[in-house]
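# Architecture at a glance
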Amino acid sequence: MPRKKTAASNQSTKLKAPSPVIKYSSALDEKLFSQACKKMIGASQGQNGIGTLSEKTIHSVLKYYYAPNSDYHEIKIGNYVADICVDGEIFEVQTRQFNKMRDKLSYFLQEHDVTIIYPIPHTKWLSWLDMETGELSPKRKSPKTGTMYHIFPELYKIKMFITNPNLHFIISLIDVEETRYLNGWSKDKKKGSSRCDGIPVGIYDEVRIDSHADYHVFLPDTLPEQFTSKDYAKAAHIPQRLAGVGLNILLEVNAVKRVGKVGNAYLYERT
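Scoring rules and cut-offs
- Numbers given to residues run from 1 along each chain, matching the order in which its sequence is written.
- Thresholds applied to this predicted model are a pLDDT of at least 70 for local features of residues and 80 or more for the giving and counting of side-chain atom pairs; totals over whole chains, interfaces and linings are not thresholded and use all residues.
- Hydrogens and water molecules were not included; the side-chain quantities draw on all heavy atoms of the structure.
- Per residue, pLDDT measures the predictor's confidence, with a range of 0 to 100.
- For helices the rule is a DSSP run of H or I covering at least 4 residues; for strands it is a run of E covering at least 2, with both sets numbered from the N terminus onward.
- Contact between two residues is taken to exist if any of their heavy atoms lie within 4.5 Å; hydrogens are not considered.
- Accessibility here uses a 1.4 Å probe with only protein chains present; expressed as a share of the type maximum, an area under 20% marks a residue as buried, one over 50% as exposed, and anything in between as partly exposed.
- Pairing between strands is defined by DSSP: at least two bridges between them are needed.

## Overview of the confidence of the model for the chain
Of the residues in the chain, 84% reach a pLDDT of 70 or more, and the chain-wide mean stands at 84. Here helix α1 (residues 30–48) stands out as the least confident element of the chain, with mean pLDDT 67; helix α4 (residues 152–157) is the most confident, with 98. Here residues 4–20 is a poorly scored stretch, pLDDT under 50, and it has 38 contacts once near neighbours within four places are set aside; other chains count. Confidence drops under pLDDT 50 across residues 45–55; counting only partners more than four residues distant or on other chains, this segment forms 21 contacts.

## Examining the pairing of strand β4 (residues 114–129)
Among the 16 residues in β4, 13 count as buried, and that is most of the element. Two strands pair when backbone bridges link them, and strand β3 (residues 89–93) and β4 are joined in this way by four bridges, in the parallel orientation. By the bridge assignment, Phe-91 is partnered in β4 with Thr-115. In this structure, β4 lies alongside strand β5 (residues 140–141), joined through two bridges in antiparallel fashion.

Listed below in structure tokens is the structure:
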């Protein structure tokens, strides 16, 4: 169900929305995602060729997946442009660097509900492009798996906004075929390499954070009643440094509270 819309400002472009124009349901629609991939990847490759997709392609695919009607894309609101705006509700696809959204969020959140759509590569297949020979290696599955917890460092960059009730998030766990240049600093030229293309090929899952209560999704059932960041890292299967950032966020939105210490480690409880 859509949230109750805030009134659009006089400076925003107001559109009468036919139904449906925005994907409010959390149910995955693989057919719709495939259609968005074909539409945007084909257009990008046809116009620009290899080496031009990267975040822009992922951004475009998700924009068309969540709002198939392009009439609601790139809507000017004040001095800014929203990726998607339907009846005053704004959706922004952001692949990284949430800190660059601070000025835009400061303006949008005054009068609008804003949902940030954040893609995380769940399963990734990697190919390597030799810049000298032009040879492309066969794709291989990366041993790393992306999870919803990987949004924590980005949330930290906009920590000053996350308690605002008008701010919401969609974490979109997608499968990606990625091509990287063999231009890194290591002997095999892979460490420190730069990305050539990142092409979405499927959607695995979606997590929606519409209210502070929804942040409890980040607290695994296996956590003890009282726990440290080390306990949290183990239960969530994430590095302890990431667990520390996550608990900082969960403390900010009152999903957890500090109840004491064990040695130098804080003890936490769910709220």
